[in-house]
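# Chains, contacts and geometry: an overview
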Amino acid sequence: MATTKRVKGAEALLLSLLAEGTDTIFGYPGGQVIPVYDHLYDYRDRIHHILTRHEQGAVHAAQGYARATGRVGVCLATSGPGATNLVTGIADAMLDSTPLVCITGQVPSTLLGSDAFQEADTISMTMPISKWNFQVTQASEIPHAIAKAFYIARSGRPGPVVIDFTKDAQVGEVDFEYEPCLYLRSYHPKPDLDPEAIDRAIDMINAAERPLLLVGQGVKLAGAESALLELAEAAGIPMGETLMGISAVPNDHPLFIGNLGMHGNLAANEMTQQSDLIIAVGMRFSDRVTGDVSTYAPNAQIIQIDIDAAELGKNVPVALPIHADAREVLEALKPGILRRDHSQWMELARRKQAEEQREVIDPALDPTLEHITMCRAIHALAEAEKGEAVIVTDVGQNQMFSARYSRFKKTRSFITSGGLGTMGFGLPAAMGAKLGVPDRDVVAVLGDGGFQMCIQELGTIMQNKIGLKIIVLNNTYLGMVRQWQQLFWNRRYSFTELENPDFPAVARAYGIPAERVSDPQELDAAIDRLVKAPGAYFLEIVVRPEENVFPMVPAGASLSNILCKA
């Protein structure tokens, strides 16, 4: 029989978090969460609280922690502006299926609706961008609310949950007793596997001449990496990854053909257009993957495997939707798969890879170039890290170059803001990732624009001695917007040029060793110093101002209309 203990609501919250295995919280105190912070003072040896410099930093750090570990990230903020500063990260987590429990303070229940100081309707604001939200007004509700929050956040298709705690719920008393949530009557996160769908999929795969596996983040969320590789190897099927799926497949796997979509690889996009069967696993066919949907994969039947029924057939017509857990589906498929000779099909990948190397990569790596290119910078980092590091990016050209040229041997090694495309994500998310996997190298790759959106989190790194490696690719532009202005808006660079501070001086002011490199001949040595640094290290790489990310599929164009140069 469970034992009870009479405690304040704020302490019940902390005990509930401990019962769920929480060891790290990212947060920022304020008036309506002082009771929680007062009790947290006595739990410092059991819960590691990271004081960020902004609530947006807290939620992005929780995202990075969750994405690197596979566990639920937890963040804590006060009412009003504290809660609203979490909104961007909550929306980001919703689109990218990141399991979070976001805890916000709220004015006393007697003042709700009175426009009290720092009151905001957190529940209404976060309802469209959270998987579930709930306002706690009594201490007795806390254990069940937290149990339900964690269950919903991490089950099925993961996502963010928001729990809003009124001040009186925090100071009220409750006989604390905790029971994990294992079932909700109206919520069925794990659908049953349909044997008929499995049999039909097996027949379609065995009959296909040009099959292609599209690997989304759902493979990582389901822990289906091994099952995916076993299926691909059993059938000899090439694999391409979405932006969010990157690192689910090792880059050096012989069946890996590259990344998909707008800034994907020639091989992956061309094979999409020529495939006769696409097996899409845990991916939602976003516009950045498909381009013009009316011309997408014109020769292919599509099998879509997803745990979220709402995604099945939402963006492209699907011949066989399979509503199920990705790992269960892949494991069920493998016994019936016949080995086919797809060597000729793979030869197309090799030709396209050679073309991309010749037309795009080699010119960017030309040792006679006067400036460091972003391609060369990420290539040098990949060589130094040997595929072992976790790479966390911001949004823009730094993101796309990192996606293209980083190398990965392990899953959960590429963390980025995919669906929402949130500038400012990279630095705090990398902090959270490093705290989640302290034994791995974690490198934040940022642009000079996105870095300055959350630059204050250097203070969090300093105070908590987080051994994060930081690279800022400085081209003095909002690079991705500038690229579009160059290619599609007649080079009218309207408000995309940045006048930047002395970044290494800023980093050193926060106690972080820092340097700047601009000479291509000095790049490798600078990267080596970054990688070998015993703690945090900051490296600004001055890169060519008008470098563009290629290949590129213009927005709304067909994947067949891919550009390799301006």
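Read on for an overview of the structure. (Residues numbered from 1 in each chain as written. Predicted model: local features only at pLDDT ≥ 70, side-chain atom pairs only at ≥ 80, totals over all residues. Heavy atoms only, no water.)

## Focus on the sheet that holds strand β20 (residues 537–542)
Pairing within the open sheet is parallel, and its six strands lie in the order β16-β15-β17-β18-β20-β19. Because the sheet does not close on itself, it has two edges, and the strands there are β16 (414–415) and β19 (514–517). Bridge analysis of strand β15 (residues 390–393) against β16 gives two bridges, and the strand direction is parallel. Among the inter-strand pairings, I391 is bridged to a residue of β16, identified as F414. Contacts between helix α18 (residues 426–436) and the sheet are confined to β15, β16, β17 (442–447) and β18 (469–474), with β17 contributing the most and set at about 175 degrees to the helix. (Pairing = 2+ DSSP bridges. Helix = DSSP H or I, 4+ residues; strand = E, 2+ residues; numbered from the N terminus. Contact = heavy atoms within 4.5 Å. Axes fitted to C-alpha atoms, helices over the stretch in contact; angles between N-to-C directions.)

## A few points about the sheet that holds strand β3 (residues 48–51)
Pairing between the strands of a sheet is mediated by backbone hydrogen bonds and can be parallel or antiparallel. Taken together, the six strands give an open sheet; going across it, the order is β3-β2-β4-β5-β7-β6, and neighbouring strands pair in parallel fashion. On the outer flanks of this sheet lie β3 and β6 (132–136), each paired with one strand and no other. Ignoring which end each strand starts from, the neighbouring axes of this sheet average 20 degrees apart. In this structure, strand β5 (residues 100–106) lies alongside strand β7 (residues 160–166), joined through seven bridges in parallel fashion. If you follow G105 over to β7, its bridge partner there is F165. Contacts between helix α3 (residues 55–69) and the sheet are confined to β2 (24–27), β4 (73–77) and β5, with β4 contributing the most and set at about 170 degrees to the helix. Strands in contact with helix α5 (residues 87–95) are β5 and β7; relative to β7, the strand with the most contacts, it is inclined by about 145 degrees.

## Considerations on the packing of helix α1 (residues 9–19) against helix α7 (residues 142–154)
Two quantities define a packed helix pair, namely the angle between the helix axes and the distance between the axes. Packing of α1 against α7 brings their axes to within 9 Å, and their N-to-C directions diverge by 35 degrees. Classified by chirality, the crossing of α7 by α1 is right-handed. On α7, the residues touching G9, A12, L13, S16 and L17 of α1 are I142, P143, I146 and F150. Class assignment for the residues of the contact of α1 with α7 results in seven nonpolar, two polar and no charged. (Left-handed = near helix turned anticlockwise from the far one by under 90°. Nonpolar A, V, L, I, M, F, W, Y, C, P; charged D, E, K, R; others polar.)

## Re the pattern of salt bridges
In total, this model carries 22 salt bridges according to the counting rule given. The salt bridge involving E209 is made with R340; its shortest N-O contact spans 3.0 Å. Highlighted residues: E209 in the loop between α9 (195–207) and β9 (211–215) and R340 in the loop between α14 (326–333) and α15 (343–364), separated in sequence by 131 residues. Since its relative accessible area comes to 46%, E209 is described here as partly exposed. The structure contains a network of salt bridges with shared partners spanning R157, D308, E311 and K314. (Salt bridge = Lys/Arg side-chain N within 4 Å of Asp/Glu carboxyl O. Buried < 20%, exposed > 50% of the residue type's maximum accessible area, 1.4 Å probe, protein only.)

## Details of the side chain of Q32
Tracing the chain through its elements places Q32 in the loop between β2 and α2 (34–40). With residues near it in sequence (within four places) discarded, Q32 still touches T78, S79, G105, Q106, V107, P108, F117, K167 and Q170.

## Things to note about the pairing of β17
With respect to burial, β17 is a largely interior element, six of its six residues being buried. Of the two faces of β17, the one lined by V442, A444 and L446 and the one lined by V443, V445 and G447 are each fully buried. Alignment of β15 against β17, held across four bridges, turns out to be parallel. Considered in β17, the bridge of V392 is made with A444.

## Comments concerning helix α16 (residues 374–385)
Helix length check: α16, at 12 residues, gives a terminal C-alpha distance of 16 Å against a target of 16 Å (1.5 Å per residue), a fit within 8%. In terms of burial, α16 is largely enclosed, as nine of its 12 residues are buried. Of all the positions in α16, only M374, C375, R376, A377, I378, A380, L381, A382 and E385 are classed as buried. Once α16 finishes, K386 follows within two positions and takes phi at roughly 55 degrees, a positive value. (Expected span 1.5 Å × (residues − 1).)

## A closer look at the layout of surface pockets
Computed from the structure, the second largest pocket encloses a volume of approximately 480 Å³. As for the second largest pocket, its lining consists of 22 residues, and the residues nearest its centre are F256, N265, Q353, R404 and R407. Breaking the lining of the second largest pocket down by element, the ones donating at least two residues are β11 (256–259), α15, α16 and α17 (397–405). Examining the composition of the lining of the second largest pocket, we find that five residues originate from one element, α15, more than from any other. Along the lines of polarity and charge, the residues of the lining of the second largest pocket split into seven nonpolar, nine polar and six charged. (1 Å grid on protein atoms, 1.4 Å probe; cavity = no way out; pocket = protein on both sides within 12 Å on 5 of 7 lines; lining within 4 Å. Points joined across faces, edges and corners; volume = space filled by probe spheres on them.)

## Focus: the environment of T272
With respect to the helices and strands, the residue T272 is situated in helix α12 (residues 266–274). Sequence-wise, T272 and P211 are 61 residues apart; in three dimensions their C-alpha atoms are separated by 9.2 Å. Ignoring anything within four residues of it in the chain, the contact list for T272 reads L212, L214, L260, I278, Y296, A297 and L559. At 2.8 Å, the side chain of T272 forms a polar contact with the backbone oxygen of A268. (Polar contact = N/O pair within 3.5 Å; in protein donor to acceptor, adjacent residues only side chain to side chain.)

## Structural notes on the nonpolar core
In this structure, Y296 and I303 are the most contacted members of the largest nonpolar core, which totals 61 residues. Beyond its immediate sequence surroundings of up to four residues, I303 is in contact with A201, M204, I205, L277, I278, I279, A280, L320 and I322. Counting residues in hydrophobic clusters, the runner-up holds 46 residues, among them A77, V162, V392 and A430. (Core = buried A, V, L, I, M, F, W, Y, C linked by side-chain atoms within 4.5 Å.)

## Brief notes about the environment of Y510
Here Y510 shows up in the loop between α22 (503–509) and β19. A relative accessible area of 27% means that Y510 is categorised as partly exposed. Apart from residues no more than four positions distant in its own chain, Y510 is found in contact with Q456, L458, G459 and M462.

## Digging into the packing of aromatic side chains
One pass over the full model with this rule turns up 11 aromatic pairs. Measuring from centroid to centroid gives 6.1 Å for F26 and Y65, while their planes differ by 65 degrees, and the two rings are edge-to-face. Residue F26 is found in strand β2, and its partner Y65 is found in helix α3; the two are separated by 39 residues along the sequence. As far as the burial class goes, F26 and Y65 line up, both buried. (Phe/Tyr/Trp six-rings, centres within 6.5 Å; stacked < 30°, edge-to-face > 60°.)

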